[in-house]
Structure formats: structure tokens, C-alpha cells
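# Breakdown of the fold
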Number of protein chains: 2
Amino acid sequence: MRLSRFHLHTEKETPAEAEIVSHKLMLKAGMIRKLAAGLYTWTPLGLRVLRKVEAVVREEMNRAGAIEMAMPSIQPRELWEETGRWEKFGPQLLKLRDRKDQEYCFTPTAEEAVTDFFRQEVASYKQLPLNFYQITTKFRDEIRPRFGVMRAREFVMKDAYSFHIDDASLAAEYRNMYDTYARIFTRLGLRFRAVAADTGAIGGNASHEFHVLADSGEDALAFCETSDYAANVELAEAIAPGPRPAPSEPLREVATPTQKTCEEVAALLGIPLARTVKSVAVIGTGPDGQPQFTLALVRGDHMVNTIKLAKLPGLAEYRLANEAEILEYLGSEPGFLGPLNPRKPIRVIADRSVAAMADFVIGANKPGAHIAGVNWGRDLPEPEVADLRNVVEGDPSPDGKGVLRIARGIEVGHVFALGRKYSEAMHCTVLDAHGKAVHPAMGCYGIGVSRIVAAAIEQNHDDAGICWPEAMAPWQVAVCIINPKQDPAVTAAAEALYSELLAAGIDTVLDDRGLRPGAMFADIELIGIPHRVVVSARGLEAGHYEYRARTASASETLDKVTLLTRLGR
Amino acid sequence: MRLSRFHLHTEKETPAEAEIVSHKLMLKAGMIRKLAAGLYTWTPLGLRVLRKVEAVVREEMNRAGAIEMAMPSIQPRELWEETGRWEKFGPQLLKLRDRKDQEYCFTPTAEEAVTDFFRQEVASYKQLPLNFYQITTKFRDEIRPRFGVMRAREFVMKDAYSFHIDDASLAAEYRNMYDTYARIFTRLGLRFRAVAADTGAIGGNASHEFHVLADSGEDALAFCETSDYAANVELAEAIAPGPRPAPSEPLREVATPTQKTCEEVAALLGIPLARTVKSVAVIGTGPDGQPQFTLALVRGDHMVNTIKLAKLPGLAEYRLANEAEILEYLGSEPGFLGPLNPRKPIRVIADRSVAAMADFVIGANKPGAHIAGVNWGRDLPEPEVADLRNVVEGDPSPDGKGVLRIARGIEVGHVFALGRKYSEAMHCTVLDAHGKAVHPAMGCYGIGVSRIVAAAIEQNHDDAGICWPEAMAPWQVAVCIINPKQDPAVTAAAEALYSELLAAGIDTVLDDRGLRPGAMFADIELIGIPHRVVVSARGLEAGHYEYRARTASASETLDKVTLLTRLGR
């Protein structure tokens, strides 16, 4: 491509509306333009990158034996009623009516449509396993679309759905897709991690998320560097620490006139935060079916994990207690809560770490006071114990093979073993080897194709702009001409190099726009071309080209043979 | 691709709901499946064909210098309000509301979105001309979706939009796109014709439609075989015939007791249909602004062209006259109308052919009677003359270079010179060479990508199924194995041939499903693979392969070298 015949429109100013670096850089580089909230036009530059991601995803899905097809964007309500998702999906499902007042939605995912397709097309176990996929536009009506294409309403997703006669076949395809996803993100040149994940709304048995690692990631991931263990922090198990020490301090009230948080109390008392205990007051359901006031206790330096909490008996639909309830049960205002001497009977659940503490500090259930030297068994009855908290950096890995590290990630892929949820709901069966109608097991496998573009930028950028991994770059090489109009020999040499690179299958752009070198180089760096070659009169005289890798700190002077080798010809 | 690992699902029965051959064959071959009215899933087989069409369109658009981008499917009402098309587009525009009750539509075309993009991106004439295109899903809420993907509601369209500083530049790009479209349809292997077209609702100055020729086509096309002239029959000019002969018959009333149509009257009188005149009664608007009763006269063997009629003064919003009006003005019931002796003053407009007639027959304005021997100037005043009729086969070509033929076609492409309609309505300007803000001229260029698939089948099929042109076929070659499980040597030879063809860049499918030959061949013919090679034990012994072109009447026995040459290796 010659840039003079392309449409490249970069911005000097950083757009005010963008909050995260990928959104800023995609706007500055002119990859996307906003049409309305959460709706973006992909410019010619942006589309080149999007298509490169699509191509890698398609190639690897085909290699894995999945079969591409395409389902409609607009799908009828009746189909979504069959699984109950017409209501259950919630307001993210964009609903609409046609001229005949029939109801439809814009597909956010296609379990229903593919199951309907399958039940019309496939009759026998002999045709299984099958894995159908599509790379199409999806829509989720986000309540607060933001971050550019990272959380757009309209986006490009690769969604695949597999069908199996039994769980063993599903497990094999699940592994196949897991491995395929790893190949896709590896080929795209991204640092990523696959983690065990909560199955959330889609349901099913097994589930892994694939995250592109980036400091700005929305999700916290726990992983062990000395083993394969990795999980979303939401799901990672915090295992019980060693045995509880014996009590060594007397129980005593300490004055904490204005100190309400564990941090403030620890600072006042001059003790480690890990010696304090945080009491979170919630309302669950007691064995009698009545509301039950409950204190969940975690160490001062830990955070309550709400997903874990909700998995405990009686807490599936818990809510935070309000001030009146706290006053009623504990006789205290928030900030000074503790499990000792409640006004009425309460349930107390201690995190595993809290259950292993001795001589700890809790709120006194009265304003301006905490109690120190608290011990289980001596001052308080032995508590109900559970894993209640998020893991933190340095926790032992649940597989016992090291310690956990925490990284931030952006979810770009997800594999689910769905089981028979959809095939049962939609009365989808095949005949098995005995001629009996059985519900096939299903898996589903998504990749946020357009989101990958933003995630890659979050991971790969510097002050000058984007640093594309080679597989995603709009072009691999930029050949820049200094003063194309003034010196025909320079232009001719650049054109020759450009043709040679194209002929070698290297996706190259010729910057023949005639900009001043500073402006030209700034554009090429901003849009993140991995390799830049400058052709100038002075260089030609000396028989060399100026080469610079996007991530290198300086240029090199290379003769043509060395240059071509460097560019992979 | 090995068919055993693909999903091919053909049907033996012709689906009852399909009316036209392409719809029937696409369902029988398993290319599409209906999800809801006008909404189709493209199966793996269908998608292969669709993607081949897309690829040719993309390559030729790129070659022509157009630049690919992608605009959102969902577009805000405000944008469409700027051109008035939010209302004017009518009920085909699928409108919807998001969770915040904002209004949007599903894009049926993207003049507004691209003009909005352009006005944000382009400031100077120096950046022009530009031609942006996209290949994306569009939606038109057809009142009666039918004929499968031929008239689906959701479809794939290539739409391109060009921007120009002046009309000369627009004209050059219009020609470039016209030539590009011709290359696209030629490469796809389709018999097609470009015709001058009515610009319809999109408006503008020049417009050509590209039609795939097929007997089942919805549109009638007039073209001259000895010149370049071609036009939609709606638009083709019917030129005036030679001079009017002198009167030779007396005026006389003839009894036509039950004969109301020109055909019946001509048969009764034993005269050519071309000697009769048909009177069509309509209500237009007179010079005084009042309703004006008007008779439009065409020869008995001609049809009134309603588009031409509506272009005449006073008839822009004409309607057919009702019986009461006919009785009031002519004193007659329908079936016996004529311009002679009306009861009240009327306007009479004669088609050019009628104006050149002598001794003709008209209705007598009373039941059971016609009048013969009618002559202009003698019995009737000289009429207002206009081109009122559709051209017919054998008419002189308007360019004077031969005679017209009529063919039927399916519109698959359309190029428009839009002019400044959208740039003016949307206040889109660029600075010209003098620093003055001017509205760019625009062109738009559409191709119905998914429609081409159906149109190609309408043109290329036989009793056994589809006969794909090579460029559109799901695979170019099918290698069929007879009894793959019984004879490993046969399978090995077929696999070797398959690999050799793939390595030569020939898109080949291996039919390794193990079907009986009859069922296997029926499938391969139904899905329209251009070249079939059969590998059998008997053939191998003799060192040959059985080859058959899809459109050939018999198979040939070829050795491997001849076979590979025949397949283009």
C-alpha cells in the first residue's frame, strides 16, 4: 500500500473523552471514529488490524477442525423464549420489533440459534462431534459503554459451539479449543494467561478465561510461577494457614476515638494490619427461613470475596446490613463492629486466616473503642470457618507447588463446557448407537476479536504510540521516503525496495506522502509499524538504509542484503 | 477439505416453501437454513460460496483504489434526520430503541454514516478523490420477504462511497467503478449486462444497474446487440416510427358485443393487433390545478410505461380513473373507451406510435361498439404526443444503431452519481484550492454480495442441481473415492491426488464419506462442483481416473498427466 493512496488521519492532540491508553491511541492513530455511544466506525487503518486478528483466529479454528458458518444478527424472540433467556439475559439484550410488530433481538451470542440449526441438521451420533463457529458482529446494550472498542456495544466476536454424544468427547474438544486459543494468542504475539473462571450466567461445568496481561486490566488474576495453577482472583482458593498460636495477651478495651478502619486502628496501636480483624455485617437467611444477621470476618489486610460468601449456606441472596439492623443486633454504629457481646444472637463466620489468629483486635460494638488480645475459644466461641477472602500476592498456591502472584488481565477469550443445558431446554436430540434419542453435550468458545485489538495496545505501547506485535500490525514494514518530490533516485530506490518486500510476502507500506521527516516518523511510530526503513539521498550515496525496530532505542545503518535479512526475507 | 470432517447436509425432497429455483436448490444443497422470515443462516457450504464472492469483490475494489473500512450496523436516528431519510426511507428502515430509549436503525445503506465520517476526517481537496467501501451485513424490513437470499431482510452488501472536488473527478470514478463492476462479474463467470437505470429514491444524476441475466429475472432489460445501448425497459426510449400514412378507410362503427380488449377486437375484425388503440383513463392535474381527466393512448400491442407517464406535465401524481369518472367524462363503461366524442372535455395524449397510425380502431364510448377507420386530423384533432410505452423486442435502438432485444435480469449491482445531495444536507465541506469551503460531489456503488449467490444459481443450473461458475464454486474439484473403507490403495491414490491438487493451489474437496456412488455423485452434482474425479479400484488397475465436468454430458477416462492438465495444474 502507498500511503498517498490510503486514508491515514492521525491526531496530534490526545482526545479528551478517552480514559484508557488503548482508546486514546486508537483515536490518535485514527483507527476508530465514534458514531454514537459504544458504536465505532473502523477506519481503513483500524480495519487492517482487525482483519489480521480475524485471519489468525480463522486459520487456527479451521486447523482445529471447527467449521465456519454464519447466523443472522437479528433473531426471533420465540427462539430465546425456549431457553428463558429472552427475560434472563437482562437489559444488555437489544430487543426490537419489525414492521409486523414481531419481536426480535440483535444477537449478543448464539447458543439458541446454533442449537436450532443443529436440531434441524443433525440426526445421528455418527455425525458427531461437530464444532461450528462464526466471526460476526454482536451487540450488547451496555449501560455505560466506554473505553472505545474495549467495551463497545457493537463488537466483533468469534463464537464456536461444539456438540457431542458424551462428556468424554466434550472434554476432548474443550481441551482442543483450550490449546487452539493458546496457539491463537501466541501467534498474535500477546502475553496471556488462561485461568479457571466462574461460569457466571452461561452456566455449565468447566470454564477457562483467556486474559491478555496488562496493568490496566479489569480483572485480577492469581497464578503460580512454579506450577500451572492460574485462576481469576474471584475464584482462587485461599488455603488455611498453619496452626493457631496459643493466646499470649489479655483481653482489653483500647480507645480508638476516631479510628474506624483497620488501617487506622493498626496505625494507632502500632501493630501490623494482619493483627486486626474486619467485621462485615450482612443479612442472610437462617435455618428457619427468617433473615439472619451475620458477621463475616476477614483479616484487616484482606478483602471479602463476595462470590465465595454467596456460596455459603444461607447466603446465596445475602445483602449488606443497614445501620438500623447493625444497631439492633450489635448495639453499635458502623466502624466499631465486632463479634464479641452482640446485643442479639448472630451468626459469625471467620475466614480461614482469621480462624488461625491469636491475640487479635476487633471492634468493641461501641463508639470510639476496639478490643485487643482477643482469642478464639477463650474470649469467643470457636467460629464457623470458611474461605471468605480474595487471595493476595504471596499466598500459598492451592496446588501446594509455590506461592501466588497477582497480575491484571483483560479477558479476550472464554471456553465453557456447557453440558446439556441448551440441548435439553430446546429439545435437541440425536440418536445414539442404540437408536435412542439423547441430548448432545455442548461446549461454547468465544473470542472478543475487536477487543483483542484494544487489549494488545494496552499491553504494547510507549510514549510515542502503539508497538504492534508483528502479526497484528497494519503493515509489518514501513518504507519512508525523504523528500520524494525532490529526488527521483530516492523515490525509485524506495519503490524498488517496496516492490521487493511485497514480492517476498512482507506486508509493506510505502510512505510517499512527502511529509517532513519528523511528522512522518511520528505517524509511523504512533500507528506502531514494527519495522521502519528510511530511504534518503545521503544514505543511497553511501549504499545504505536506515533501519529501526519500533521497540529499539536507536536506528542502525544497514546495507541492503543485511536489511532484507533483518526483515525476514 | 475432507467431506467426512465437513458438515454437508443435502435434502432429497424439494422444499415446498421455495418458489424459485435458486431458493429450492440452496435449500436442497444445504447452503442456507431459515431462522425466521427473511433471515437465513449460511451453512458451512453456503458460506464458502459467499466468501468466494466477497473475496473477488474485495480484490477488485482494492485494485480499483477503493479503501476498505467498516461502519456500525446500528446507527443513531439523529444522523438519519439530517437528510430526512429517517422518515423518507419508509417502513423498510428497521427502527429500534436502546435501553436508554434512544432511537437507532439497522443500516440498510450508509450514505449518512460515511458522510459523517468524511466530514470529521477530511478537510482539504488535496486528500481527494477518496472512495471508501465496506462489505457488511445490511437490513431492509421487506414487507414480503421471499425467494430465500434473493430478497432476504438481512443480507450482505458491498457499499462504496466516493468523494470528489468536482464533477469531472466524480465522472472519472463513476467510470472506474463501472469498469470495476464489469471486471467483478466477469471474474465471477456470470453473464451480465449493465443498463441505464432510473435513479429511484437515492437520487442523483447518472445511474447504471448491473444485472445477471436469467429467465427468472424480475427486471426486463432492453439492449442492442449491434451497439452498446442497454437500459432497463422502464427507461428505454421508444422512438417515433416513420411518417403517418394517409387515411384510406371511412369512419364506421363496428359491433363488438362482448369484445372489450384490443386482442378480442382485433380477432373479431380480423386485423392485426397493431391496428387497434388502447385508451387508458387516468386523472392528472390540469393547468388550473383541478383534477383533469386524461386518456393515454398506446397501440394495442404495446404497454403503457407508468414511469414515462408520470414524467409528463400534470401527471406527476396521476391515478387511474374510477368507473364513475369514466362514465362522467366519456359516457361509457370500461372496455369500450376511446378519444372520440367524449361527454366532457378531456386531455388526450397519444404515444408516438399511435400518432403515426392511420385507419385505426378505438372504443366507441358505448357498450358493445368500437369505431374503425379512425384518422388523426380528419376524425380527431391532432393529439398531444409523447413517449408513453415500454419498448418491445424489435423496436429500433434509440442510438439508431440496430434493433432492441429484451432479456430478463436480476439486479446485483448499482452505481450512482449522487452529486451533492448528501454533502449539502449534512453540511459536509472541504476547502478547495482557493481556500473556499465547498460541498464535495459524491458517488455510491453497491453490490448485493449475498444476492449474487442466488442470481448465479438462477443463471447456472440444470435438473441435477447447481452448475457453479468456477470462481464461485465451494470447491473447484471433487475427488470421489469409491468404497474408501474396502480398498486402502484406492484411498491412498485419492489422498495423493487430493494433496497434489491442494499443493497446486486448486481448491479441492475429498469425498471420503463412503457413500454409495449414486448418492455421492448426486450430492456432488447438486452442490455444483465444476470438476469431478472418481478414483476406483478398476480405474487404478488400468492407470486412469474418471473425469467429468459438471456441465458435460458424459465422463472421460484420463491418465493422471492429462487429468492434471485438464484441472489447470
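Residues numbered from 1 in each chain as written. Chains lettered and ligands numbered in written order. Predicted model: local features only at pLDDT ≥ 70, side-chain atom pairs only at ≥ 80, totals over all residues. Heavy atoms only, no water.

Time to look at the relation of the copies chain B and chain A. A rotation about some axis, followed by a shift along it, carries one copy of the chain onto the other. For these two chains of identical sequence, chain B goes onto chain A by a turn of 180° and a shift of 0.1 Å along the axis, with RMSD 0.2 Å. Both copies are brought into coincidence by an operation consistent with a two-fold rotation axis. Judged by C-alpha distance, B:Leu96 is the residue of chain B that lies nearest the rotation axis, at 2.7 Å. The overlap is high: 98% of the interface residues of chain B also sit at the interface in chain A, so the same surface is used on both sides. (Least-squares fit on C-alpha atoms with pLDDT ≥ 70 in both. Contact = heavy atoms within 4.5 Å.)

Between chain B and chain A, the residue contacts involve 55 residues of the former and 54 residues of the latter. Between chain B and chain A we count six salt bridges in total. A:Asp98 is paired through a salt bridge with B:Arg153; the nearest N and O atoms lie 2.8 Å apart. Between the two partners, chain B and chain A, sit 22 residue pairs in polar contact (both at pLDDT 80 or more). (Salt bridge = Lys/Arg side-chain N within 4 Å of Asp/Glu carboxyl O. Polar contact = N/O pair within 3.5 Å; in protein donor to acceptor, adjacent residues only side chain to side chain.)

What follows covers the pattern of salt bridges. A side chain with one charge can pair with a side chain of the opposite charge if their charged atoms come near. Per the counting criterion, the structure on display carries 102 salt bridges over all chains. Ionic pairing is found between A:Glu556 and A:Arg566, a salt bridge with its closest N-O pair at 2.8 Å. Taken as a pair, A:Glu556 in strand E31 (residues 556-558) and A:Arg566 in helix H16 (residues 560-566) lie far apart in primary sequence, 10 residues in all. Using a relative accessible area of 31% as the deciding quantity, one classes A:Glu556 as partly exposed. B:Arg85 is the partner of B:Glu111 in a salt bridge, and the nearest nitrogen-oxygen pair spans 2.8 Å. Here B:Glu111, found in helix H5 (residues 111-121), pairs with B:Arg85, found in helix H4 (residues 85-88); they are 26 residues apart in sequence, far enough to count as distant. Here B:Glu111 matches B:Arg85 in class, with each residue buried. Here the salt bridges do not stand alone but share partners, grouping A:Glu59, A:Glu60, A:Arg63, A:Arg183 and A:Arg187 into one network. (Helix = DSSP H or I, 4+ residues; strand = E, 2+ residues; numbered from the N terminus. Buried < 20%, exposed > 50% of the residue type's maximum accessible area, 1.4 Å probe, protein only.)

A word on the side chain of A:Ser227. All names here are of chain A. By the secondary structure assignment, serine 227 is in the loop between strand E11 (219-224) and strand E12 (230-232). Given a relative accessible area of 17%, serine 227 falls into the buried group. Engagement of the side chain of serine 227 in a polar contact is seen with the backbone nitrogen of tyrosine 229, the distance being 3.2 Å. Polar contacts involving the side chain of serine 227 include one to the side chain of aspartate 399, which spans 2.5 Å. Apart from residues lying up to four places away in sequence, serine 227 is in contact with Ser397, Asp399 and Lys401.

Counting residues in each nonpolar core, the largest one holds 121 residues, and the members touching the most others are B:Met31, B:Phe185 and B:Trp468. Here this core gets eight residues from one element, more than from any other, and that element is helix H2 (residues 44-63) of chain B. Residues in contact with B:Trp468, not counting those within four places in the same chain, are B:Met31, B:Val49, B:Val453, B:Ala456, B:Ile457, B:Ala473, B:Pro474, B:Ile527, B:Gly528 and B:Pro530. Within the second largest apolar cluster, 105 residues are counted, among which are A:Phe521, A:Val534, B:Ile67 and B:Phe118. (Core = buried A, V, L, I, M, F, W, Y, C linked by side-chain atoms within 4.5 Å.)

Another point: the packing of helix H1 (residues 21-28) of chain B against helix H12 (residues 449-459) of chain B. The angle between the axes and the distance between the axes are what describe a pair of packed helices. All names here are of chain B. Their axes nearest at 8 Å, the elements H1 and H12 cross at an angle of 105°. Here H1 lies roughly perpendicular to H12, going by the angle between them. Across the interface between the two elements, Val21, Ser22, Leu25 and Met26 of H1 pack against Val453, Ala454, Ile457 and Glu458 of H12. For the contact of H1 with H12, the per-class residue count stands at six nonpolar, one polar and one charged. (Axes fitted to C-alpha atoms, helices over the stretch in contact; angles between N-to-C directions. Parallel < 35°, antiparallel > 145°, perpendicular 65-115°, else oblique. Nonpolar A, V, L, I, M, F, W, Y, C, P; charged D, E, K, R; others polar.)

Once that is clear, we can look at the sheet that holds strand E14 (residues 277-285) of chain B. All names here are of chain B. Strand order across the open sheet formed by five strands is E16-E14-E15-E17-E20, with mixed pairing between neighbours. The sheet is open, and its two edges are formed by strand E16 (319-320) and strand E20 (384-386), each paired on a single side. The strands touched by helix H9 (residues 323-330) are E14, strand E15 (291-299) and E16; relative to E15, the strand with the most contacts, the crossing angle is about 90°. (Pairing = 2+ DSSP bridges.)

Note on aromatic pairs: each is described by the distance of the centres and the angle between the planes. The tally for this structure, following the rule as stated, stands at 27 aromatic pairs over all chains. An angle of 10° between the planes, with centres 3.9 Å apart, marks the rings of A:Phe118 and A:Phe163 as stacked. Remark: A:Phe163 occurs in strand E8 (residues 154-164) and A:Phe118 occurs in helix H5 (residues 111-121); sequence separation between them is 45 residues. Residue A:Phe118 shares its accessibility class with A:Phe163, and that shared class is buried. Cation over ring: A:Lys344 sits above A:Tyr329, and NZ or CZ is 5.3 Å from the ring centre. Here B:Arg532 stacks its cationic end above the ring of B:Phe521, 4.0 Å away from the centre of that ring. (Phe/Tyr/Trp six-rings, centres within 6.5 Å; stacked < 30°, edge-to-face > 60°. Lys NZ or Arg CZ within 6 Å of the ring centre and 35° of its normal.)

We note that the domain assignment places domain 1 (9-72 + 108-237 + 406-458), domain 2 (252-386) and domain 3 (475-566) within chain A. Centre-to-centre, using C-alpha coordinates, domain 2 of chain A lies 66 Å away from domain 3 of chain A. (Domains from an automatic or database assignment.)

Residue and element names in this part refer to chain A. Spatially, the three strands line up as an open sheet ordered E4-E6-E5, and their pairing is antiparallel. For this open sheet the edge positions go to strand E4 (74-76) and strand E5 (94-97), each flanked by a neighbour on one side alone. Each strand axis lies, on average, 40° off the axis of its neighbour in the sheet, ignoring direction. Taken together, the three bridges between E4 and strand E6 (residues 103-106) define a ladder with antiparallel strand orientation. Bridging from a neighbouring strand, proline 76 pairs with tyrosine 104 of E6.

Residues and elements named next belong to chain B. The residue isoleucine 184 is located in helix H6 (residues 167-187) in this model. Under the relative-accessibility criterion, isoleucine 184 is labelled buried at 0%. Distance in space between the C-alpha atoms of isoleucine 184 and arginine 153 is 24 Å, their sequence separation being 31 residues. Discounting residues that sit within four places of it in the chain, isoleucine 184 has contacts with Val56, Val57, Glu60 and Ile447.

Here the focus is helix H7 (residues 262-269) of chain A. All names here are of chain A. By the burial criterion, the buried members of H7 are Cys262, Val265 and Ala266. Summarising the axial view, the buried residues of H7 lie within an arc of 95°, below the 170-degree limit, and thus occupy one face. Looking at the buried side of H7, the elements it contacts are strand E14 (277-285), strand E18 (360-363) and strand E19 (369-374). Backbone geometry just downstream of H7 places glycine 270 in the positive-phi region, at approximately 70°. (Arc of directions from axis to C-beta.)

With that out of the way, let us pick up the state of the cysteines. Across all of its chains, the model carries zero disulfides over all chains by this definition. A:Cys105 forms no disulfide, and the closest cysteine sulfur to it belongs to A:Cys444, at a distance of 16 Å. (Disulfide = S-S within 2.5 Å.)

For the rest of this paragraph, the subject is the packing of helix H2 (residues 44-63) of chain A against helix H6 (residues 167-187) of chain A. Residues and elements named next belong to chain A. Packing of H2 against H6 leaves a shortest axis separation of 10 Å and a crossing angle of 150°. With respect to H6, the axis of H2 lies roughly antiparallel. In the packing of H2 onto H6, the handedness of the crossing is right-handed. In this structure, H2 contributes Val56, Val57, Glu59, Glu60, Met61 and Arg63 to the contact, and H6 contributes Met177, Thr180, Tyr181, Arg183, Ile184 and Arg187. (Left-handed = near helix turned anticlockwise from the far one by under 90°.)

Confidence in the prediction for chain A averages 94 pLDDT; 99% of positions are at 70 or higher. Across the predicted assembly, pTM comes out at 0.87 and ipTM at 0.86. (pLDDT = per-residue confidence, 0-100.)

This paragraph deals with helix H9 (residues 323-330) of chain A. Because each turn of an α-helix spans 3.6 residues, side chains separated by three or four positions end up pointing in the same direction. Residue and element names in this part refer to chain A. Buried residues of H9: Glu325, Ile326, Tyr329 and Leu330, and no others. The arc that holds every buried residue of H9, seen down its axis, measures 100°, which confines them to one face. The outward face of H9, more than 90 degrees from its buried face, is lined by the exposed residues Glu323 and Ala324. Contacts from the buried residues of H9 go to E14, strand E15 (291-299) and strand E16 (319-320). Backbone nitrogen of alanine 324 and a side-chain oxygen of the N-cap are separated by 3.2 Å at the start of H9; the cap is asparagine 322. Directly beyond the C-terminal end of H9, a positive phi value near 70° is found at glycine 331.

This part takes up the environment of B:Ile527. All names here are of chain B. For isoleucine 527, the position within the fold is in the loop between helix H14 (517-526) and strand E29 (531-535). Taking the relative accessible area as the measure of exposure, isoleucine 527 reaches 1% and is therefore buried. Residues isoleucine 527 and alanine 464 lie 63 residues apart in sequence; the distance between their C-alpha atoms is 9.1 Å.

As a further point, take the pairing of E15(B). All names here are of chain B. Where E14 meets E15, nine bridges bridge the pair, whose relative direction is antiparallel. Residue isoleucine 283 lies in a different strand from E15, and its bridge partner there is phenylalanine 293. Direction of pairing for E15 relative to strand E17 (residues 347-351): parallel, over a ladder of four bridges. In the strand pairing of E17, leucine 295 is matched with valine 348.

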